[in-house]
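Chain residues, written in single-letter form:
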Amino acid sequence: MHSNCSLQLIDITKTFSSISVVKNLSLSLLPGKITCLLGPSGCGKSTTLRIAAGLEKQDQGRVYINDELISSPNMHHMPPEHRNVGFMFQDFALFPHLTVKKNIEFGIAKKQSSNFRGKISNGLLRKINLDGFQSKFPHMLSGGEQQRVALARAIAGMPKVMLMDEPFSGLDKRLRDEIRDDTLRLLKEEGVAVLLVTHEPEEAMRMADSIALMRNGEVVQEGVPYNIYNKPIDSKVAAFFSDINRLTGRVKNGRTETPFGPFITPGFLEGSEVEIIIRPQHLKIDFDRNGKGPNPTVKDGVPARGLVHSSRFLGKESIIELKMETDGSKLQASIPGVFLPEFNTPLWLSIRRDRCFVFLKNN
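Overview of the structure.

Calculation criteria
Residues numbered from 1 in each chain as written. Predicted model: local features only at pLDDT ≥ 70, side-chain atom pairs only at ≥ 80, totals over all residues. Heavy atoms only, no water. Salt bridge = Lys/Arg side-chain N within 4 Å of Asp/Glu carboxyl O. Helix = DSSP H or I, 4+ residues; strand = E, 2+ residues; numbered from the N terminus. Buried < 20%, exposed > 50% of the residue type's maximum accessible area, 1.4 Å probe, protein only. Core = buried A, V, L, I, M, F, W, Y, C linked by side-chain atoms within 4.5 Å. Contact = heavy atoms within 4.5 Å. Pairing = 2+ DSSP bridges. Axes fitted to C-alpha atoms, helices over the stretch in contact; angles between N-to-C directions.

This part covers the pattern of salt bridges. Scanning all chains against the criterion turns up 21 salt bridges. Between Lys-101 and Glu-105 there is a salt bridge, with its nearest N and O atoms 2.9 Å apart. Of this pair, Lys-101 and Glu-105 are both found in helix H2 (residues 100-105), 4 residues apart, which corresponds to roughly one turn of the helix. Look at Lys-101 and you get partly exposed, because its relative accessible area is 25%. For Arg-215, the salt bridge identified is with Asp-234, shortest N-O distance 3.1 Å.

Our focus in this paragraph is the nonpolar core. Ranked by internal contacts, the top residues of the largest apolar core, which has 42 residues, are Met-164 and Leu-187. Of the residues forming this core, the biggest block, 7 residues, is contributed by helix H4 (residues 143-156). Every residue in contact with Leu-187, bar those within four places of it in the chain, is listed here: Leu-151, Ile-155, Met-162, Met-164, Val-192 and Val-194. Counting 26 residues, the second-largest nonpolar core is a separate cluster that includes Ile-12, Leu-37, Val-63 and Leu-163.

A few words now on the sheet that holds strand S16 (residues 304-313). The 5 strands are arranged S15-S19-S16-S17-S18 in an open sheet whose pairing can be described as antiparallel. This sheet does not close on itself; its edge strands, each paired only once, are strand S15 (283-287) and strand S18 (330-336). Going across the sheet, the axis of each strand differs from the next one's by a mean of 45 degrees, ignoring polarity. In this structure, strand S17 (residues 317-324) lies alongside S18, joined through 7 bridges in antiparallel fashion. Looking across to S18, one finds that Glu-317 is bridged to Pro-336.

Turning to the environment of Ile-211, a few remarks are in order. Among the structural elements, Ile-211 can be located in strand S9 (residues 210-215). Overall, the relative accessible area of 0% leaves Ile-211 in the buried class. Taking the C-alpha atoms as reference, Ile-211 lies 7.8 Å from Ile-228; in sequence the two are 17 residues apart. Excluding residues that lie within four positions of it along the chain, Ile-211 makes contacts with Cys-36, Leu-38, Ala-204, Met-205, Gln-221, Glu-222, Gly-223, Pro-225, Ile-228 and Phe-241.

Okay, structure coming up:
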């Protein structure tokens with residue numbers, strides 16, 4: 001166990017009806033840092049969050065908050081209300097019969113004076129730009145305003161840890177970006193450690209100081225967004241963050257032949273099948289010049305010709321799918337701006353060698 005961690009989950013396992021939903025999971029959260037628990041639906045993210053909150057009890061493993069053991073299978077399990085942990089879920093569920101002020105003050109210990117509670121709620125309303133809303137009721141607020149009040153209620157008790165389960169997913173995109181950024185800035189300023197569940201890679205990349213990527217109940221890779229995106233441990237991780245192209249081949253004498261020339265693939269067993277992964281934005285497109293393409297280079301290898309199968313414009317970029325002449329496979333390239341070549345136009349593709357990932361096939 002490390003000191004200075006606001007929340008630590010160590011070797012957490014949880015089984016429902018003989019199915020392990022969370023397996024040997026360990027996570028550490030630091031004050032003022034945002035950790036995103038990212039993964040597809042059903043991978044165990046929300047169960048992990050509920051265990052951290054005390055709403056579920058793990059079958060194995062230990063939970064620490066501020067270096068204090070608060071839950072293990074064979075000891076007293078501290079209930080949620082005693083953990084000094086804030087919650088924000090998809091359904092932010094303000095109390096409809098209480099004013100905005102009373103909703104926020106609900107999060108503050110009853111033993112505090114009404115003066116103190118009023119000071120805290122008024123201060124928070126200023127921070128979330130809702131000063132003057134004290135006497136309004138939830139039904140009088142927009143979705144975004146309700147979300148901000150729910151945040152104020154969650155941090156009114158001055159928690160050291162905030163647990164958030166897709167709390168922004170109910171808002172439309174523009175509002176979601178604004179409220180998410182304001183919310184996380186405020187939590188960082190308050191020095192709160194945040195564990196935020198999301199299934200959207202873009203959201204995690206934008207928000208997180210650290211991403212823990214889950215698959216089938218396990219954290220398969222953890223790190224800063226840049227490293228997870230640029231150094232995925234397998235093809236599934238690469239594919240989770242963006243569209244990918246796959247080239248396959250067999251290793252022979254430390255090299256793998258592809259339509260784009262040989263790739264040096266040391267460290268793989270002779271004869272093993274490998275996948276070479278390349279993202280669409282790292283394919284280079286060149287025009288056909290009477291059946292000829294650009295000259296091969298060390299950086300981009302041998303160019304290969306394909307025929308345009310489809311092209312579409314997505315606002316910031318164009319996606320071009322090409323059917324390769326060498327083997328009939330289809331590869332996708334993305335080009336910034338507008339580029340919409342017609343069906344069957346011959347184009348040449350080159351692959352940036354420095355942006356490829358090589359993995360054992362079926363890894």
